[in-house]
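# Residue-level structural notes
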Amino acid sequence: FPPYQTITIACDKTLYSFRLSDLINMWLKALKNTDNLFVKPLYLKNPYTNLEFEKYNLYNIFIAIQFSNYRTPNLIYSFIKNYCSLNAFTVHSYPTLKDNAIHTYVDNAHTYELMESINNMMHEHRRSIDYIYFPDTISYSKKKRVVRNMRYIVKDYLYGKYGCNP
């Protein structure tokens, strides 16, 4: 790889070489970490040792990104701007992180969880849909079909219910 695409980081008296694009992807994945619909960002970890990078290592990675051909993602910039504090970063970037949590939940949740969200949505809007509902006794294959057909509606419902943008 060209030198502007790599970085060498010293951790515990050992030098580790990384490709910047890999670090950017791992860092974004850690910052976008969720637990269902809850936002739970994590610190970036060294994949060789599974230990969190020190603050000075994160600053060095950020500076290397600045001097490379890569664009700095907004979440990483916000994390650095908040002095590498997860609490301050979470408060500052909460709307973006919450939208990501909803998107990730709808894409990765199990059929039963999404069916429960569909039932909650239908219960909340029961008057406007003339009290139509799905019984709990329908088969799993029918639940999968309902979820597949209503996934985009549930996503909009969850954005409206839990998202920060009115």
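Moving on, we come to helix 1 (residues 20-31). Taking 1.5 Å of rise per residue, 12 residues should cover 16 Å, and helix 1 covers 16 Å from first to last C-alpha, within 8% of that figure. Burial in helix 1 covers these residues: Leu20, Ser21, Leu23, Ile24, Trp27, Leu28, Ala30 and Leu31. Against strand 1 (6-11), strand 2 (14-19), helix 2 (55-66), helix 3 (74-81), helix 4 (86-92) and helix 5 (94-108) lie the buried residues of helix 1.

Glancing now at the environment of Asn149. Looking at the element boundaries, Asn149 is found in helix 7 (residues 140-162). On the basis of relative accessible area, Asn149 is assigned to the partly exposed category, the value being 46%. Each C-alpha atom, one on Asn149 and one on Leu75, is 32 Å from the other, the two residues being 74 residues apart in sequence.

Reading predicted coordinates in detail is not appropriate for stretches of low pLDDT. With 99% of its residues at a pLDDT of at least 70, the protein chain reaches an overall mean of 95. The least confident element of the protein chain, judged by mean pLDDT, is strand 1 at 94; the most confident is helix 1 at 98.

With the exception of glycine, the majority of residues adopt a negative phi angle, and the majority of peptide bonds are in the trans configuration. At Cys84, a residue that is not glycine, the phi angle is positive and equals roughly 60 degrees. With respect to the secondary-structure elements, Cys84 resides in the loop between helix 3 and helix 4. For Cys84, a relative accessible area of 2% puts it in the buried group. Even without glycine at this site, Asp130 takes up a positive phi of about 55 degrees. One can find Asp130 in the loop between helix 6 (111-124) and helix 7.

What follows is about the packing of helix 6 against helix 7. Relative orientation and spacing of two packed helices are given, respectively, by the angle between their axes and the distance between those axes. Two elements in contact, helix 6 and helix 7, have axes whose closest approach is 8 Å; the angle formed by their N-to-C orientations is 60 degrees. When the interaxial angle is binned, helix 6 and helix 7 end up oblique. When the axes of helix 6 and helix 7 are compared, the crossing they make is left-handed. Only Tyr140, Lys143, Lys144, Val146, Val147, Met150, Arg151, Ile153, Val154, Tyr157 and Lys161 of helix 7 make contact with helix 6, whose side of the interface consists of Thr111, Tyr112, Leu114, Met115, Ser117, Ile118, Asn120, Met121 and Glu124. Residues of the contact of helix 6 with helix 7, tallied by class, amount to 12 nonpolar, three polar and five charged.

Mapping Lys98 onto the fold places it in helix 5. Despite its burial, Lys98 remains without a salt bridge, the nearest opposite charge being carried by Asp99 at 8.6 Å.

Below, the discussion takes up the packing of aromatic side chains. Counted under the stated rule, the structure contains eight aromatic pairs. Aromatic side chains Tyr16 and Tyr48 sit 5.3 Å apart centroid to centroid with 15 degrees between the ring planes, which places their arrangement in the stacked category. Of the two residues, Tyr16 is situated in strand 2 and Tyr48 in the loop between strand 4 (38-39) and helix 2; the sequence distance between them amounts to 32 residues. By relative accessible area, which is 55% here, Tyr48 ends up exposed. Plain terms: the ring middles of Phe62 and Tyr77 are 6.3 Å apart, the flat faces sit at 40 degrees to each other, and that makes the pair tilted. Of this pair, Phe62 sits in helix 2 while Tyr77 sits in helix 3, and the two are 15 residues apart along the sequence. An aromatic cluster of at least three residues, connected via ring pairs, comprises Tyr16, Phe18, Tyr48 and Phe53.

All right, on to a positive patch on the surface then. Taken together, the side chains of Lys142, Lys144, Arg145 and Arg148 present a region of like positive charge at the surface. Secondary-structure assignment places Lys144 in helix 7. Lys144 sits in the partly exposed class, given a relative accessible area of 42%.

Each value, and the rule that gives it
Residues numbered from 1 in each chain as written. Predicted model: local features only at pLDDT ≥ 70, side-chain atom pairs only at ≥ 80, totals over all residues. Heavy atoms only, no water. Helix = DSSP H or I, 4+ residues; strand = E, 2+ residues; numbered from the N terminus. Expected span 1.5 Å × (residues − 1). Buried < 20%, exposed > 50% of the residue type's maximum accessible area, 1.4 Å probe, protein only. Contact = heavy atoms within 4.5 Å. pLDDT = per-residue confidence, 0-100. Axes fitted to C-alpha atoms, helices over the stretch in contact; angles between N-to-C directions. Parallel < 35°, antiparallel > 145°, perpendicular 65-115°, else oblique. Left-handed = near helix turned anticlockwise from the far one by under 90°. Nonpolar A, V, L, I, M, F, W, Y, C, P; charged D, E, K, R; others polar. Lys, Arg positive; Asp, Glu negative; His and termini not counted. Salt bridge = Lys/Arg side-chain N within 4 Å of Asp/Glu carboxyl O. Phe/Tyr/Trp six-rings, centres within 6.5 Å; stacked < 30°, edge-to-face > 60°. Patch = residues over 30% accessible without salt bridge, like charges linked within 9 Å, V, L, I, M, F, W, Y side chains within 5 Å. Areas by Shrake-Rupley, 256 points an atom, 1.4 Å probe, with all protein chains shown as cover. Charge placed at Lys NZ, Arg CZ, Asp CG, Glu CD.

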